[in-house]
Amino acid sequence: MSLPPKRTTTETARGMDWAALMRAGLRGLTLTPDSFWALTPAELQLMLGSEAGRAPLLGDGLAALMAAYPDRERERKTDGTG
């Protein structure tokens, strides 16, 4: 049986649901453990289908993100300090 690659505490703390991903890969896609662990996250997402990933960032989401984190360079130029 293959073991997952060694990970640091930071890498495993990102919230990956490894049990669900392994079930999807090993049971759902019938991958071997070696094949599963050789995949990149993007490859696994592609194999599982688009519904398995996050929704794309659309215009409203981008606008909200830009409002929450404005461009500091633009702020300096508009307030006369740059």
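Each residue is numbered by its place in its chain's sequence as written, counting from 1. Note on the predicted model: pLDDT of at least 70 is required for a residue's local features to be given, and 80 or more for side-chain atom pairs to be given and counted; whole-chain, interface and lining totals, by contrast, use all residues. With hydrogens and water excluded, all non-hydrogen atoms of the structure serve as input to the side-chain values.

**Brief notes about the overall build of the protein chain**
A tally of regular secondary structure across the protein chain gives 6 helices and 0 strands. Buried residues are those whose accessible area, probed at 1.4 Å on protein chains only, stays under 20% of the maximum for their type, while exposed residues exceed 50% and partly exposed ones sit between those limits. In the protein chain, which comprises 82 residues, the proportion classed as buried is 9%. With the model as given, the accessible surface of the protein chain reaches about 7,100 Å², and the carbon-plus-sulfur share is 58%. Numbering goes from the N terminus for both helices and strands, where a helix is a DSSP run of H or I of at least four residues and a strand is a run of E of at least two. Using a 1.4 Å probe, accessible areas were evaluated by the Shrake-Rupley method; residue-level cover was limited to the displayed protein chains.

**As for unusual backbone geometry**
Unusually for a residue other than glycine, Thr-30 sits at a positive phi of about 55°. With respect to the element layout, Thr-30 can be found in the loop between helix H2 (18-28) and helix H3 (33-38). Given a relative accessible area of 64%, Thr-30 falls into the exposed group.

**Notes on the packing of aromatic side chains**
In this scheme Phe, Tyr and Trp rings, the latter by its six-membered ring, pair at centre separations within 6.5 Å, and the angle between planes marks the pair as stacked below 30 degrees, edge-to-face above 60, and tilted otherwise. Counted according to the given criterion, the structure contains 2 aromatic pairs. Summarising the aromatic geometry, the rings of Trp-18 and Trp-37 are spaced 5.3 Å apart at their centres and angled 35° between planes, so their arrangement reads as tilted. Highlighted residues: Trp-18 in helix H2 and Trp-37 in helix H3, separated in sequence by 19 residues. The class for Trp-37 is buried, based on a relative accessible area of 18%. On the numbers, 4.8 Å between centres and 85° between planes, the contact of Phe-36 with Trp-37 is edge-to-face. Here the aromatic residues Trp-18, Phe-36 and Trp-37 are joined through ring pairs into a cluster of three or more.

**Quick notes on the confidence of the model for the protein chain**
Mean pLDDT over the protein chain: 77, with 65% of residues reaching 70 or higher. Along the chain, pLDDT gives the predictor's confidence residue by residue, from 0 to 100. Confidence, expressed as mean pLDDT per element, reaches its minimum in the protein chain at helix H1 (residues 9-12) with 46 and its maximum at H3 with 95. This stretch, residues 9-13, has a pLDDT under 50; its non-local contacts, to residues over four places away or in other chains, come to 2 contacts. Residue contacts follow a heavy-atom distance rule, with two residues in contact if any of their heavy atoms lie within 4.5 Å.

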